[in-house]
Amino acid sequence: MTVPTAVREAPPVVAPVRVRVRRLSMEVAKFGVVGGSGVAVNFLVFNLLLHGIGRAPMTATVLASCVAMGTNYLGFRFFAYRDRASRTRRQIALFFGFSALGVLMESVLFYAGYHGASMTGPLASNVAKALSIVLASAFRFLVYRTWVFQHDARRE
């Protein structure tokens, strides 16, 4: 039995590759702006705690990452991904859950650099911090765009 033409569903419209690449480029740029400000907060708090007031290196890196996590949520929610689904408890829980994993990754990587590779001086500790941030940020980008700030299909 054939379905009348008027009842058949139209095939989904797929954006041309050029449009999808442009969207992804804009998303990466916005992620970079928010992430860059988060990195600045992270380094500022890290250096203040470690080199300014003499906190332990792991305490400084974890606290700095947590402060940056909070500022990043605001930036992602209201700037980078403001066009995505509305804020929900699920979205907030996913953001902070995945961010906690990112902080853990960042902390383990920092520990390896600081203690394992003896990157303990002011410049070396910042290099260890930078490397740990870069590697953990790749993870964060993937999970934020895939699971936390999903597109709302009704807006497409």
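What comes next concerns the included structure. (Residues numbered from 1 in each chain as written. Predicted model: local features only at pLDDT ≥ 70, side-chain atom pairs only at ≥ 80, totals over all residues. Heavy atoms only, no water.)

Our next topic: unusual backbone geometry. Phi at serine 118 is positive, roughly 55 degrees, even though this residue is not glycine. Counting through the fold element by element, serine 118 comes out in the loop between helix H3 (89-116) and helix H4 (122-148). A relative accessible area of 54% places serine 118 in the exposed class. (Helix = DSSP H or I, 4+ residues; strand = E, 2+ residues; numbered from the N terminus. Buried < 20%, exposed > 50% of the residue type's maximum accessible area, 1.4 Å probe, protein only.)

The space that makes up the second largest pocket amounts to roughly 240 Å³. Looking at the second largest pocket, it is lined by 20 residues, and the ones nearest its centre are Gly35, Val39, Asn72, Ser137 and Arg140. Only helix H1 (17-52), helix H2 (57-80), H3 and H4 provide two or more residues apiece to the lining of the second largest pocket. With 7 residues, the single largest contributor to the lining of the second largest pocket is H1. Classifying every residue of the lining of the second largest pocket gives 9 nonpolar, 9 polar and 2 charged. (1 Å grid on protein atoms, 1.4 Å probe; cavity = no way out; pocket = protein on both sides within 12 Å on 5 of 7 lines; lining within 4 Å. Points joined across faces, edges and corners; volume = space filled by probe spheres on them. Nonpolar A, V, L, I, M, F, W, Y, C, P; charged D, E, K, R; others polar.)

Ring pairs (aromatic) are described by centroid distance and by the angle formed between their planes. Counted according to the given criterion, the structure contains 13 aromatic pairs. Each ring, one from phenylalanine 76 and one from tyrosine 144, has its centre 5.2 Å from the other, and the planes form 65 degrees; the classification is edge-to-face. Of this pair, phenylalanine 76 sits in helix H2 while tyrosine 144 sits in helix H4, placing them 68 residues apart in sequence. Residue tyrosine 144 is classed as buried on the basis of its relative accessible area of 2%. Taken together through their ring pairs, the aromatic side chains of Phe31, Tyr73, Phe76, Phe95, Phe96, Phe141 and Tyr144 make up a single cluster. (Phe/Tyr/Trp six-rings, centres within 6.5 Å; stacked < 30°, edge-to-face > 60°.)

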